[in-house]
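Read off the chains here:
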Amino acid sequence: MMFVDQQLYKKAFESYLREGTPIELSIKQARPTTHYIWRTRNDGKVRSSHADREGQVFSWDDPPVGGHPGEDYNCRCTAEPYYPEVSEYLHLTIDGLGTKSGWSNTDFVNHYFNGGGRGVTLRQIGHSQKIIAAFIDRRGEALKGQIASAARSTRVGLVSYRFDNTYNMTGIVFSIGDTTIGGSFSGQSVTQNGIIDLAGNLDLYLEDEFADPLDVGVEVDDYRPGSILYDNIHRPLNDYLRGRTGLPTGGPQRRGVRDGTPYDITGTWSGSVEGRIYADATRSKYTE
Ligand SMILES: [Zn+2]
């Protein structure tokens, strides 16, 4: 009988009882690796030809003279799964970030009053690069860990993972505060010798709304006669108070309060993830 680890043997035995699958065939199908390390019992009873093989790597497809461990008469040697060392990596790339320079806070406010509620994309308003860079900076490593974990738990080679969360991007683009960024990964993986090769597409989306110009703090640097905030918020109030106190109002340039319309800020991007990681999470630097 070929010696394998107990777990594998137990499974093989159960499948023999259930389905009559020969144990050896069953174990062959369940081998975790294409190669193994020859292990002897390390005592005086090991035949010298096998003692020479201690620690050597063999292929399951190419047995040495006399067969795999345990196959030769009275052989007590065992096959230890062979998991080679690799340098792990996961590369994450996002395409189509654009290079346009970004809207200022005044542009955001302007669009609130003049855009009629028309939605804008981050690419159009030139903030795509900054926001995605900030997202990758905050979330990139965790996302890699989650994709790695999805690849480990997959059975058929198809890996998919969905995510979304809220991020405060105020420090990046002031007019974009708490924003939702989500997406999905979908790809293929191949596991061999304890190493997973992984490649697939990453789709990202962002959803936000510009709803309140007072939130953006433009009044601090844009609060002066002629500015959009002054015209829309301060002047009507000023004129109203002047009216109440009997002073003449601001004259022909006086305007009523213009209502702004909230608008959506959205974005979609696609990219890719590609890499090579250990199937055993305890060995890996990419974990959840
Ligand atoms: Zn032996």
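Structure's up top.
J.: A description of the overall build of the chain should follow, citing residues and the corresponding values.
T.: What the chain contains, in helices and strands, is seven helices and nine strands. Expressed as a percentage of its 288 residues, the buried residues of the chain come to 22%. Within the chain, residue pairs in contact and separated by at least 24 positions form 68% of the contacts whose partners lie at least 6 positions apart.

J.: Pulling in residues and values, what's your account of unusual backbone geometry?
T.: With phi around 65 degrees, N74 is a residue other than glycine that occupies positive phi space. With respect to the helices and strands, the residue N74 is situated in the loop between β2 (57-59) and β3 (78-81). Here N193, not a glycine, exhibits a phi torsion of approximately 50 degrees, which is positive.

J.: Just give me the short version of the nonpolar core, but keep the residues and values in it.
T.: Membership of the largest hydrophobic core comes to 35 residues, with the highest contact counts inside it found for I131, I147, A148, A151 and I277. Counting residues per element, the ones that place at least two in this core are β4 (89-94), α4 (105-114), α5 (128-153), β6 (158-168), β7 (178-192), β8 (195-210) and β9 (263-278). Apart from the residues within four sequence positions on either side, A151 is in contact with V159, S189, I196 and L198.

J.: Now, about α4: what can you tell me, with residues and values included?
T.: Taken as a whole, α4 has its buried residues at F108, V109, H111 and Y112. Axial view of α4: buried residues confined to an arc of 160 degrees, hence all on one face. With its phi angle positive at about 60 degrees, G116 sits one or two positions after the end of α4.

J.: So, the sheet that holds strand β1 (residues 35-39): which residues are in play, and what are the values?
T.: Strand order in the open sheet made by the three strands is β2-β1-β3, with antiparallel pairing throughout. Edge positions in the sheet fall to β2 and β3, since each has one partner strand and no second. Geometrically, the sheet is characterised by an average inter-axis angle of 45 degrees between neighbouring strands, direction not taken into account. Taken together, the three bridges between β1 and β2 define a ladder with antiparallel strand orientation. Bridging from a neighbouring strand, H35 pairs with S59 of β2.

J.: Go over the pairing of β8, please, and point to the residues and values.
T.: It is a general feature of regular strands that their side chains alternate between the two faces of the sheet. Pairing of β7 with β8, which is carried by 13 bridges, proceeds in the antiparallel orientation. By the bridge assignment for β8, T191 is matched with I196. Counting the residues in the hairpin turn of β7 and β8 gives two residues, including N193, whose phi is positive at 50 degrees.

J.: Could you give an account of α5, with specific residues and numbers?
T.: For α5, spanning 26 residues, the distance from its first C-alpha to its last is only 33 Å, which falls clearly below the expected 38 Å at 1.5 Å a residue. If you look at α5, its biggest bend is around 60 degrees, right at R139. Against β4, β6, β7, β8 and β9 lie the buried residues of α5.

J.: How would you explain the environment of R76 if you had to name every residue and give the values?
T.: Residue placement: R76 occurs in the loop between β2 and β3. Take R76: there are 15 C-beta atoms within 10 Å of it, and that puts it in the partly exposed class. A C-alpha to C-alpha distance of 8.0 Å links R76 and V46, two positions 30 residues apart in sequence.

Procedures and definitions
- Residues numbered from 1 in each chain as written.
- Predicted model: local features only at pLDDT ≥ 70, side-chain atom pairs only at ≥ 80, totals over all residues.
- Helix = DSSP H or I, 4+ residues; strand = E, 2+ residues; numbered from the N terminus.
- Buried ≥ 20, exposed ≤ 12 C-beta atoms within 10 Å, placed from the backbone.
- Contact = placed C-beta atoms within 7 Å.
- Core = buried A, V, L, I, M, F, W, Y, C linked by C-beta atoms within 7 Å.
- Arc of directions from axis to C-beta.
- Pairing = 2+ DSSP bridges.
- Axes fitted to C-alpha atoms, helices over the stretch in contact; angles between N-to-C directions.
- Expected span 1.5 Å × (residues − 1).
- Bend = angle between axes of the 7 residues up to and from the residue.

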